[in-house]
Amino acid sequence: MPAPIGIAGAGAWGTALANVAAAAGQDVILWMRTAEQAEAIARSRTNERFLPGIRLHDRVRPIADLSTLTSAAAVLLVTPSQTTRTMAGQLAEILPADTPLVLCAKGIERETNAFLCDVVEDVRPDAPVAVLSGPSFADDVARGLPTAVTLACRDGELARTLATVLSGPTFRVYHGTDLRGVEIGGAAKNVLAIACGAVAGRGLGESAKAALIARGFAELLRFARAYGGEAETLMGLSGLGDLVLTCSSAQSRNFAFGLRLGHGMSLQDAAAGKLVEGTASAHALVTLARARNVDMPVAEAVDQVLGGLCTIDAAVDSLMNRPVKSEQ
């Protein structure tokens, strides 16, 4: 691809992806919201607000003019999940109809309970859409630590092309066509990570956390199957891999949020002023599960805690006192 790769969103993940695409040999346009921010990053070659101490690759060009992305061979949309419709709409006005849009946020639209790919396809009908997901912390990726993720697109050849373009010395991108499975893995694991953080915060032990991850993964599989995802996808990087990472490290905002809830903090204090995608997706996930009679007791418990309908201790008691049943 001789044309540059566009990155819409210059938070930690967007900046990290800009660096790995550049390290893979691509010219990169990194869009951010203000000219002041773009000028400061272009001058210092660091994004101190989101990735302090990480130097921006020389092939990355910070800009604040969204129309500059018109020349991009593909655009990675790396803004919060609840802004996807707005951002995709703005990009639809300037991008050629055949420019692939790669979703890098993980969530479900709260107002409509729509999967993000469906949101984009509603705004850009018939335009190619892909999803990039997997076990990855922005700081690890930006520091050049080995990372593997998955990119899915209904067009298998386009998925292969995009994966090849983004793969570099320390960033390996696998590819596939199960768009729904990949995006479900990314969205649902955030909700389950909140539960795991809360278990850790309450001091319930590693055995409880392991059990919660296993049962949470069972919920994830059931949900994915109900909505057309493939079990093999969920067994891979974008499902099990991402779930294990997010449910076991305080580097995860969702786990850290749950951890602080477990310590007794309020919802507002637990968020610590940061975006926690799982809080926006929890109720939508549960609503979608109920619509297809998918049993998701862990996700239900998270939704009830976030909605102020029960305490963490009450949620744990409820889960532990469910009727005895087959593990399957």
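Residues numbered from 1 in each chain as written. Predicted model: local features only at pLDDT ≥ 70, side-chain atom pairs only at ≥ 80, totals over all residues. Heavy atoms only, no water.

### Re the packing of helix α7 (residues 179–201) against helix α10 (residues 237–246)
Phase 1 of the analysis: Look at α7 against α10: their axes get within 9 Å of each other, and the N-to-C directions meet at 25 degrees. Judged by the inter-axis angle, α7 sits roughly parallel to α10. In the packing of α7 onto α10, the handedness of the crossing is right-handed. In this structure, α7 contributes Val 182, Gly 185, Gly 186, Lys 189, Asn 190, Leu 192 and Ala 193 to the contact, and α10 contributes Ser 238, Gly 239, Asp 242, Leu 243 and Thr 246.
Phase 2 of the analysis: Classifying every residue of the contact of α7 with α10 by side-chain character gives four nonpolar, six polar and two charged. (Axes fitted to C-alpha atoms, helices over the stretch in contact; angles between N-to-C directions. Helix = DSSP H or I, 4+ residues; strand = E, 2+ residues; numbered from the N terminus. Parallel < 35°, antiparallel > 145°, perpendicular 65-115°, else oblique. Left-handed = near helix turned anticlockwise from the far one by under 90°. Contact = heavy atoms within 4.5 Å. Nonpolar A, V, L, I, M, F, W, Y, C, P; charged D, E, K, R; others polar.)

### Regarding the packing of aromatic side chains
Phase 1 of the analysis: What the rule picks out here adds up to three aromatic pairs.
Phase 2 of the analysis: Residues Phe 115 and Phe 223 carry aromatic rings whose centres are separated by 6.3 Å and whose planes lie at 70 degrees to one another, so their mutual orientation is edge-to-face. A residue pair is termed long-range when its members are at least 10 positions apart, and Phe 115 in strand β9 (residues 114–115) and Phe 223 in helix α8 (residues 206–226) qualify at 108 residues. A single burial state applies to Phe 115 and to Phe 223, both of which are buried. (Phe/Tyr/Trp six-rings, centres within 6.5 Å; stacked < 30°, edge-to-face > 60°. Buried < 20%, exposed > 50% of the residue type's maximum accessible area, 1.4 Å probe, protein only.)

### Things to note about the UniProt feature "binding site: sn-glycerol 3-phosphate" (unreviewed entry) in the protein chain
Phase 1 of the analysis: In the UniProt entry, the feature "binding site: sn-glycerol 3-phosphate" (unreviewed entry) is given for Lys 106, Gly 134, Ser 136, Lys 189, Asp 242, Ser 252, Arg 253 and Asn 254.
Phase 2 of the analysis: Relative to the helices and strands, Lys 106 resides in the loop between β7 (101–103) and β8 (108–109).
Phase 3 of the analysis: Look past the residues within four positions of Lys 106 in its chain and what remains in contact with it is Ser 81, Ser 133, Gly 134, Ser 136, Gly 186, Ala 187, Lys 189, Asn 190, Asp 242 and Glu 277.
Phase 4 of the analysis: Of the polar contacts made by the side chain of Lys 106, one reaches the backbone oxygen of Gly 134; its length is 3.1 Å.
Phase 5 of the analysis: For Ser 252, a relative accessible area of 3% puts it in the buried group.
Phase 6 of the analysis: Beyond its immediate sequence surroundings of up to four residues, Ser 252 is in contact with Phe 137, Ala 193 and Thr 246. (UniProt positions renumbered as here; feature names shortened; annotations may be inferred. Polar contact = N/O pair within 3.5 Å; in protein donor to acceptor, adjacent residues only side chain to side chain.)

### Structural notes on the domain arrangement of the protein chain
Phase 1 of the analysis: Domain boundaries assigned for the protein chain yield domain 1 (5–177) and domain 2 (187–321).
Phase 2 of the analysis: For domain 1 versus domain 2, the distance between C-alpha centres works out to 26 Å.
Phase 3 of the analysis: The interface is formed by 21 residues belonging to domain 1 together with 21 residues belonging to domain 2.
Phase 4 of the analysis: Counting each side, the surface lost to burial between domain 1 and domain 2 is near 1,700 Å², with a carbon and sulfur contribution of 66%.
Phase 5 of the analysis: Together, Lys 106, Ile 108 and Phe 137 form the three largest contributors to the area buried by domain 1 at its contact with domain 2, with a combined 36%.
Phase 6 of the analysis: Inspection of the domain 1/domain 2 interface yields one salt bridge.
Phase 7 of the analysis: Two residues, Asp 242 and Lys 106, come together in a salt bridge whose shortest N-O distance is 2.7 Å.
Phase 8 of the analysis: Breaking the side of domain 1 that touches domain 2 down by element, the ones donating at least two residues are β8 and β11 (147–153).
Phase 9 of the analysis: Among the elements that make up the side of domain 1 that touches domain 2, the one with the highest residue count is β11 (three residues).
Phase 10 of the analysis: Grouping the constituent residues of the side of domain 1 that touches domain 2 by class yields nine nonpolar, eight polar and four charged. (Domains from an automatic or database assignment. Buried area = accessible area lost by both parts, 1.4 Å probe. Salt bridge = Lys/Arg side-chain N within 4 Å of Asp/Glu carboxyl O.)

### Some details on the pairing of strand β6 (residues 74–77)
Phase 1 of the analysis: Of the two faces of β6, the one holding Ala 74 and Leu 76 and the one holding Val 75 and Leu 77 are both buried throughout.
Phase 2 of the analysis: Bridge count for β6 against β7 is three bridges, and the pairing is parallel. Bridge assignment links Val 75 to a residue of β7, and that residue is Leu 101.
Phase 3 of the analysis: Between the parallel elements β6 and β7, the chain passes through helix α3 (residues 84–92) in a crossover that is right-handed. (Pairing = 2+ DSSP bridges. Right-handed = clockwise from strand over helix to strand, strands pointing away.)

### Re the pattern of salt bridges
Phase 1 of the analysis: If you walk through the whole model with that rule in mind, you get 15 salt bridges.
Phase 2 of the analysis: A salt bridge links Arg 59 to Asp 27, with the shortest nitrogen-to-oxygen separation between them at 3.1 Å. Of the two residues, Arg 59 sits in the loop between β4 (51–55) and β5 (60–63) while Asp 27 sits in the loop between α1 (12–23) and β2 (28–31), which places them 32 residues apart along the sequence.
Phase 3 of the analysis: Across the salt bridge formed by Asp 313 and Arg 202, the nearest N and O atoms sit 3.0 Å from each other. Note that Asp 313 is positioned in helix α15 (residues 312–320) and Arg 202 in the loop between α7 and α8, a separation of 111 residues in sequence.
Phase 4 of the analysis: Taken together, the shared-partner salt bridges connect Arg 85, Glu 109 and Asp 122 into one network.

### Regarding the state of the cysteines
Phase 1 of the analysis: One pass over the structure, following the stated rule, counts zero disulfides.
Phase 2 of the analysis: Between Cys 104, a cysteine without a disulfide, and Cys 117, which holds the nearest cysteine sulfur, the sulfur-to-sulfur distance is 11 Å.
Phase 3 of the analysis: We note that Cys 310 lacks a disulfide partner, and the nearest cysteine sulfur, in Cys 196, lies 16 Å from it. (Disulfide = S-S within 2.5 Å.)

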